[in-house]
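Structure assessment
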Amino acid sequence: MDDKPDPGTLSENSEVLFSFGVIADIQYADLEDGYNFQGNRRRYYRHSLFHLRGAIEHWNGEGSLPRCVLQLGDIIDGYNAQYKVSEKSLELVMNTFQMLKVPVHHTWGNHEFYNFSRNYLTNSKLNTKFLEDQIVHHPETVPSEDYYAYHFVPFPQFRFILLDAYDLSVLGVDQSSPKYQQCLKILREHNPNSELNSPQGLSEPQFVQFNGGFSQEQLNWLNEVLTFSDTNQEKVVIVSHLPIYPEASDSVCLAWNYRDALAVIWSHKCVVCFFAGHTHDGGYSEDPFGVHHINLEGVIETAPDSQAFGTVYVYPDKMMLKGRGRVPDRIMNYKKENAFQL
């Protein structure tokens, strides 16, 4: 599973169709280094911006530019809200992203909601839904405005789907709203702890406040898009801040109803891989249905002398993640019936 790809031999066998960049958990803040909540992993708040600049310089310098970059969420740290500098920090990071020569697709994570309301994010530069693809005569593939999800086509026959893992969440929503009450009820039913961020004693430790889930409405929409992709022999990449496959993730960091998301994905043939962030220390597993689950290592916990981003090179029969610094290389072969017959 952890084969190290050799770009030399791969490119002799088949042609690269296109590439895309991936980066996760930048969590910038203008603060001295600190530690995670357990106090055992260092966080480099200020330096994360230098890592982002390095990644952008790398992507801009590639002989063939990537089609896009996927930013997997937690772009600035929750500490910014405490110091009332959320907008200033976001502007600094977004100005850095402006140096990128290709489009960036932003996913929303828990730290977005520590800093901003959902309403604010919807009207901010972190909403990249304007880059979505609209499939003519297929209204069922149009996402609702009730959640932040969309799909796009960076290259013919490849569809990327960006999911909203905080569609069900107590974060970023008005506490007087029915949605908040509904989500709080779900959370409390699974987590009796007075501190809702604590997984202590839980049989399903993902039911904590810093996680969230997918509404049935969003999962129904995902099912429709995957049905279209199956019918049209497309290959699909799914993106979410929260991971959904236990073997690739810390069990505390999974989406609340990860099983529901897996059930939808496993009922289709088209999904090649699922990219997520959130865990910071990364993870990988190929599930029994041949879907590759990649949890990207977080920029925030990456030492100044290292890096944490990757470029995925897409071939007719596989995708190859070329990682930098803490991010390992991966080969993600398509399911046998899914390889292009060229």
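Note that the coordinates shown come from a computational prediction; the quantities given were computed from them, not determined experimentally. (Residues numbered from 1 in each chain as written. Predicted model: local features only at pLDDT ≥ 70, side-chain atom pairs only at ≥ 80, totals over all residues. Heavy atoms only, no water.)

Looking at where Ser 177 falls in the secondary structure, it is placed in the loop between β7 (158–162) and α7 (178–190). Within the structure, Ser 177 has its side chain in polar contact with the backbone oxygen of Asp 174 (distance 2.6 Å). (Helix = DSSP H or I, 4+ residues; strand = E, 2+ residues; numbered from the N terminus. Polar contact = N/O pair within 3.5 Å; in protein donor to acceptor, adjacent residues only side chain to side chain.)

Taking strand neighbours across the sheet as the criterion, the 6 strands line up as β6-β7-β8-β9-β11-β10 in an open arrangement whose pairing is mixed. Two strands close off the open sheet at either side, each with one partner strand: β6 (150–155) and β10 (283–286). The sheet shows a mean angle of 15 degrees between the axes of neighbouring strands, taken without regard to direction. Together, β6, β7, β8 (235–239) and β9 (271–276) form the strand contacts of helix α8 (residues 216–231), whose direction differs from that of β7 by roughly 175 degrees. (Pairing = 2+ DSSP bridges. Axes fitted to C-alpha atoms, helices over the stretch in contact; angles between N-to-C directions. Contact = heavy atoms within 4.5 Å.)

Time to look at the pattern of salt bridges. Enumeration over the complete set of coordinates arrives at 14 salt bridges. A salt bridge links Asp 30 to Arg 46; its shortest N-O distance comes to 2.6 Å. Residue Asp 30 is located in the loop between β1 (18–23) and β2 (34–35), and its partner Arg 46 is located in the loop between β3 (42–43) and α2 (48–60); the two are separated by 16 residues in the primary sequence. A salt bridge links Arg 43 to Glu 301; its shortest N-O distance comes to 3.2 Å. Within this pair, whereas Arg 43 is found in strand β3, its partner Glu 301 is found in the loop between β11 (292–295) and β12 (308–314), the two being separated by 258 residues in sequence. For the pair shown, Arg 43 and Glu 301 are each scored as buried. What you see here is one network of salt bridges that share partners, running through Arg 41, Arg 43, Asp 281 and Glu 301. (Salt bridge = Lys/Arg side-chain N within 4 Å of Asp/Glu carboxyl O. Buried < 20%, exposed > 50% of the residue type's maximum accessible area, 1.4 Å probe, protein only.)

A few words now on the nonpolar core. One broad trend across soluble globular proteins is that nonpolar side chains are buried collectively. The biggest cluster of nonpolar side chains holds 85 residues, and the ones touching the most others in it are Phe 20, Phe 275 and Met 319. The element best represented in this core is β9, accounting for 6 residues. Those residues in contact with Met 319 that lie beyond four places of it in its chain are Phe 20, Phe 158, Val 237, Val 272, Cys 273, Val 312, Tyr 313, Val 314, Arg 330, Ile 331, Met 332 and Tyr 334. With 9 residues, the next largest nonpolar core counts Leu 168, Val 170, Leu 184 and Leu 187 among its residues. (Core = buried A, V, L, I, M, F, W, Y, C linked by side-chain atoms within 4.5 Å.)

Let us now look at helix α9 (residues 258–266). Those residues of α9 lying buried are Tyr 258, Ala 261, Leu 262, Val 264 and Ile 265. The buried residues of α9 occupy one face: seen down the axis, they fall within an arc of 160 degrees. Where the residues of α9 are buried, they touch α8, β8, β9 and β11. (Arc of directions from axis to C-beta.)

Quick look at helix α4 (residues 86–97) now. Taking 1.5 Å per residue as the helical rise, α4 with its 12 residues ought to reach 16 Å, and the 17 Å between its terminal C-alpha atoms agrees with that figure. Considered for burial, the residues of α4 that qualify are Ser 86, Ser 89, Leu 90, Val 93, Met 94, Thr 96 and Phe 97. Viewed along the axis of α4, the buried residues span an arc of 155 degrees, placing them on a single side of the element. With respect to the buried face of α4, the exposed residues turned more than 90 degrees away are Glu 87 and Lys 88. At its buried positions, α4 is contacted by α2, β4 (69–71), α3 (79–82), β5 (104–106) and α5 (110–115). (Expected span 1.5 Å × (residues − 1).)

Along any regular strand, the residues point their side chains to alternate faces of the sheet. Pairing geometry for β12 and strand β13 (residues 318–325), over 7 bridges, is antiparallel. Looking at β13, one finds that Gly 310 is bridged to Gly 323. Hairpin connection, β12 to β13: the antiparallel pair is bridged by 3 residues. Note: β13 against strand β14 (residues 330–333), 4 bridges, orientation antiparallel.

Our next topic: the pairing of β11. Neither face of β11 is left uncovered, since the one carrying His 292 and Ile 294 and the one carrying His 293 and Asn 295 both have all their residues buried. The pairing of β9 with β11 spans 4 bridges and is classified as parallel. Across the sheet, residue Phe 274 finds its bridge partner in β11, namely His 293. As paired elements, β10 and β11 share 4 bridges and run antiparallel to each other. Its bridge partner lying in β11, Ser 285 is registered against His 293. The turn linking β10 back onto β11 is made up of 5 residues, and Gly 290 within it adopts a positive phi angle of 80 degrees.

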